[in-house]
Amino acid sequence: MTTASTIGYVRGDATAPLGKGVKVIAHVCNDVGGWGKGFVLAVSRRWPEPEEAYRRWHRERAGNDFGLGAVQLVRVDRYLWVANMVGQRGIRTGRSSGPPVRYEAIDTALATLAGHALDLGASVHMPRIGCGLAGGRWESVEPLVTARLTGRGVPVTVYDHD
């Protein structure tokens, strides 16, 4: 029986996760195939694979599970994975009504991510997911991270960039 732990908060870069062992960097993507603003730029500066995999996943979506709440794990190093989690409906435009974040999709994705992390024996590292371009509020996301990840014994570190 695993015990619930708390989320660790640090100042730093989530693309350079701290600690030892297997790590998963988790972030939120949109459901329209767009990759070009926000945290994904930092991911792409370090590794080409997550963007390539996401774009292929979206392009071939008629034959796969791409959609709100889906998770795609991409290995970028021996002990490092990136989790592309679809938790945003569309992208914010001048005509948008409300933020594109979808909390229920983030919740579903985090539940799936927990299973992967437990299978890998991995810790999870993330920025404040869903709270940048997606327009979400951390007060709404944090309880999902706690319930789905730390509540199941998955260590989580959240990075606040300087």
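Rules behind the numbers
- Residues numbered from 1 in each chain as written.
- Predicted model: local features only at pLDDT ≥ 70, side-chain atom pairs only at ≥ 80, totals over all residues.
- Heavy atoms only, no water.
- 1 Å grid on protein atoms, 1.4 Å probe; cavity = no way out; pocket = protein on both sides within 12 Å on 5 of 7 lines; lining within 4 Å.
- Points joined across faces, edges and corners; volume = space filled by probe spheres on them.
- Helix = DSSP H or I, 4+ residues; strand = E, 2+ residues; numbered from the N terminus.
- Nonpolar A, V, L, I, M, F, W, Y, C, P; charged D, E, K, R; others polar.
- Expected span 1.5 Å × (residues − 1).
- Buried < 20%, exposed > 50% of the residue type's maximum accessible area, 1.4 Å probe, protein only.
- Contact = heavy atoms within 4.5 Å.
- Pairing = 2+ DSSP bridges.

Trainee: For this particular structure, what's the right way to read the layout of surface pockets?
Mentor: If you roll a probe as big as a water molecule over the atoms, it shows you where there is empty space left. Taken as a whole, the largest pocket holds about 520 Å³ of empty space. At four residues, strand 2 (residues 23-30) tops the list of elements feeding residues into the lining of the largest pocket. For the lining of the largest pocket, the class distribution of residues is twelve nonpolar, eight polar and three charged. Every residue lining the second largest pocket is listed: G12, D13, A14, T15, G38, F39, A42, R45, R46, P127, Y159 and H161. Residue contributions to the lining of the second largest pocket peak at four residues, all from helix 1 (residues 39-46). Classifying every residue of the lining of the second largest pocket by side-chain character gives five nonpolar, four polar and three charged.

Trainee: How should I be thinking about helix 3 (residues 103-120) in this particular structure?
Mentor: Side chains three or four residues apart in an α-helix point the same way, a direct result of the helix having 3.6 residues per turn. Given a rise of 1.5 Å per residue, 18 residues ought to cover 26 Å, and the 25 Å separating the end C-alpha atoms of helix 3 matches this to within 8%. Among all positions of helix 3, only A105, I106, D107, A109, L110, L113, A114 and A117 are buried. Buried residues in helix 3 make contact with strand 2, strand 3 (71-77), strand 4 (80-88), strand 5 (123-126) and helix 4 (138-148).

Trainee: How do you make sense of the pairing of strand 4 when you look at a structure like this?
Mentor: A regular strand carries its side chains on alternate faces of the sheet. Taken across its nine residues, strand 4 has nine buried, putting it largely inside the fold. Bridge count for strand 2 against strand 4 is eight bridges, and the pairing is parallel. Directly across from K23, in strand 4, lies its bridge partner L80. Across six bridges, strand 3 lies against strand 4 in antiparallel orientation. Opposite V74, over in strand 4, you have V82 as the bridge partner. Where strand 3 hands over to strand 4, the hairpin turn is made up of two residues, counted between the paired strands.

The values are spatial; any link to function lies outside them.
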